[in-house]
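# An overview of the molecular structure
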Amino acid sequence: MGSAASTTSVSRDPDRLIWVDGELRPWASATVHVLSHAIQRGSLVFDFMSVHETPRGAAVFRLEPHIERFFHSCGLMGLPVTQSADQLRAAICETVRANPGAKAVKISAYFASVEIDVVPVDTHVTIAIAAYDPKADISDRLPRPSPPKPAHLKLWIEKERANRREDILSPQAKVSANYASPMTAKARARAAGYDEIVLVDEDGFLAEGPTTNLFLVSAAGGLLTPAAEKVLHGVTRSSILELAKAEGIPCHETQILPEALLGASEAFLTGTSAGVWPVESVDGQELGESCPGPISNRLRDRFRRAAAGEDPEFAHWLTPVVDA
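Residues numbered from 1 in each chain as written. Predicted model: local features only at pLDDT ≥ 70, side-chain atom pairs only at ≥ 80, totals over all residues. Heavy atoms only, no water.

With that settled, the discussion passes to the side chain of Thr 126. The topology assignment puts Thr 126 in strand E6 (residues 126-132). Take Thr 126: its relative accessible area is 8%, and that puts it in the buried class. Not counting residues up to four positions away in its chain, the partners in contact with Thr 126 are Val 20, Asp 21, Ser 108, Ala 109, Tyr 110 and Ala 112. (Helix = DSSP H or I, 4+ residues; strand = E, 2+ residues; numbered from the N terminus. Buried < 20%, exposed > 50% of the residue type's maximum accessible area, 1.4 Å probe, protein only. Contact = heavy atoms within 4.5 Å.)

The next thing to look at is the nonpolar core. Counting 29 residues, the largest nonpolar core has Ile 92 and Ile 127 as its most contacted members. Of all the secondary structure elements, the ones that give two or more residues to this core are strand E3 (45-54), strand E4 (57-61), helix H3 (63-77), helix H4 (85-97), strand E5 (104-110) and E6. By residue number, the principal contributor to this core is H4, which donates five residues. Look past the residues within four positions of Ile 92 in its chain and what remains in contact with it is Met 49, Val 60, Leu 63, Ile 67, Val 105, Ile 107 and Ile 129. (Core = buried A, V, L, I, M, F, W, Y, C linked by side-chain atoms within 4.5 Å.)

Here we come to the pairing of strand E12 (residues 266-271). Burial analysis of E12 places six of its six residues in the buried class, which makes it a mostly covered element. A two-sided burial pattern is seen for E12, the buried positions comprising Glu 266, Phe 268 and Thr 270 on one face and Ala 267, Leu 269 and Gly 271 on the other. The sheet contact formed by strand E9 (residues 213-217) and E12 spans five bridges and is antiparallel. Each bridged residue has a counterpart across the sheet, and for Leu 216 the counterpart in E12 is Ala 267. In terms of strand pairing, E12 meets strand E13 (residues 275-282) through four bridges, oriented antiparallel. Considered in E13, the bridge of Thr 270 is made with Val 276. (Pairing = 2+ DSSP bridges.)

What follows covers the packing of H3 against H4. Their axes nearest at 11 Å, the elements H3 and H4 cross at an angle of 125°. As judged from the angle between their axes, H3 and H4 are oblique. The way H3 lies across H4 gives a crossing that is right-handed. On H4, the residues that touch Leu 63, Glu 64, Ile 67, Phe 70 and Phe 71 of H3 are Ala 85, Leu 88, Arg 89, Ile 92 and Cys 93. Its residues assigned to classes, the contact of H3 with H4 shows eight nonpolar, no polar and two charged. (Axes fitted to C-alpha atoms, helices over the stretch in contact; angles between N-to-C directions. Parallel < 35°, antiparallel > 145°, perpendicular 65-115°, else oblique. Left-handed = near helix turned anticlockwise from the far one by under 90°. Nonpolar A, V, L, I, M, F, W, Y, C, P; charged D, E, K, R; others polar.)

What follows concerns the pattern of salt bridges. As enumerated under the stated definition, the model contains 16 salt bridges in all. Between Glu 196 and Lys 186 there is a salt bridge; the shortest N-O distance is 3.1 Å. Taken together, the residues Glu 196 in strand E8 (residues 196-200) and Lys 186 in helix H6 (residues 180-191) connect sequence positions ten residues apart. The two residues Glu 196 and Lys 186 agree in class, both being buried. Each of Glu 247, Arg 298, Arg 302, Asp 311 and Glu 313 takes part in a single network of salt bridges with overlapping partners. (Salt bridge = Lys/Arg side-chain N within 4 Å of Asp/Glu carboxyl O.)

Turning our attention to H3. Three- or four-residue spacings in an α-helix give side chains the same orientation, since the helix completes a turn every 3.6 residues. Between its first and last C-alpha atoms H3 spans 21 Å; for 15 residues at 1.5 Å apiece the expected length is 21 Å, and the two agree. Along H3, the residues that are buried comprise Leu 63, His 66, Ile 67, Arg 69, Phe 70, Ser 73 and Cys 74. Along the long axis of H3, the arc covered by the buried residues comes to 165°, so they all point the same way. Exposed residues on H3 whose side chains face more than 90 degrees from its buried face are Glu 68 and Gly 75. (Expected span 1.5 Å × (residues − 1). Arc of directions from axis to C-beta.)

Turning to the packing of aromatic side chains, a few remarks are in order. The final tally for this structure, using the stated rule, is eight aromatic pairs. Relative to Phe 303, the ring of Phe 61 lies with its centre 5.5 Å away and its plane at 80°, an arrangement referred to as edge-to-face. With a gap of 242 residues between them, Phe 61 in strand E4 and Phe 303 in helix H9 (residues 294-307) connect regions that are remote in the sequence. Overall, the relative accessible area of 3% leaves Phe 61 in the buried class. Following the ring pairs from residue to residue traces out a cluster consisting of Phe 61, Phe 303, Phe 314 and Trp 317. Lying across the ring of Trp 277, Lys 149 places its NZ or CZ 4.9 Å from the centre. Against the face of Trp 156 rests Lys 159, its NZ or CZ located 3.5 Å from the ring centre. (Phe/Tyr/Trp six-rings, centres within 6.5 Å; stacked < 30°, edge-to-face > 60°. Lys NZ or Arg CZ within 6 Å of the ring centre and 35° of its normal.)

In this approach a probe as big as a water molecule rolls over the atoms, and the regions it shows empty are the leftover space. Empty space within the second largest pocket amounts to approximately 590 Å³. In terms of lining residues, the second largest pocket is bounded by 22 residues, among which Ile 18, Trp 27, Ala 30, Thr 31 and Val 32 are the most central. Of the residues that constitute the lining of the second largest pocket, the class distribution is 16 nonpolar, three polar and three charged. (1 Å grid on protein atoms, 1.4 Å probe; cavity = no way out; pocket = protein on both sides within 12 Å on 5 of 7 lines; lining within 4 Å. Points joined across faces, edges and corners; volume = space filled by probe spheres on them.)

Below, the structure is given as structure tokens:
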């Protein structure tokens, strides 16, 4: 019975290659032991970036800041990565070229060794890079379909304060352990009929979603987003800050109370998978007169053009993989 189940699982694997420590392996062969430090201690660090078809061919969106954030996360978690930024940049492009039709790249750094202690004895950090289509290669192959992504969000403010102190686990570290609490909170919100949550920090101010950053439009028409010290430095977040500046839309990074979101005229979440994701309601209360609102629409359209290579002002955000 175990053998049949294993065969069935492998037969469902996509025809993709994953880069692991310098070599491309079939999807089903890119494995790690169940007792590895990465799984048992939650020490895996990762980053996630999008791939777009552009006039110059397949290109990775904002590759440089993603690599910078990846190394920053590894440094915060004490993972001694031996590869250079140039080596990983080349490896990402190689992996995208080896996987035609990929729409996303996930790079992971982890202690693959089986360990007993909290601090690993074997400090070799394995690097794995996967380039794939999240829907076709993962969602469509699951036993049950994933919940469809709504065009407009029903957002819930998670009232339980998150423990986001720098001396415990930095919110700037994109490490697997940081996603355990948001996972349970989002599951509760989904069961109650909401699509997504936004967390609050230990002081009660708005922070971010489990995999997204938050923006809202104030009554005065400017953008507000939580202060950078308390959130993951999202690459899409920084892109929206730059696009807002280019559009002449004032934006302030500041502490925001939940009441401000409830009274906002517009709000949206940002992320690599989400793009610019308009919020329809918060805690069951509708926002503004329409969804998406005019500023959300304006920034979403500009972001889409930039990601598609159709905005000359931001053409430098795209790294064609053929030039590696």
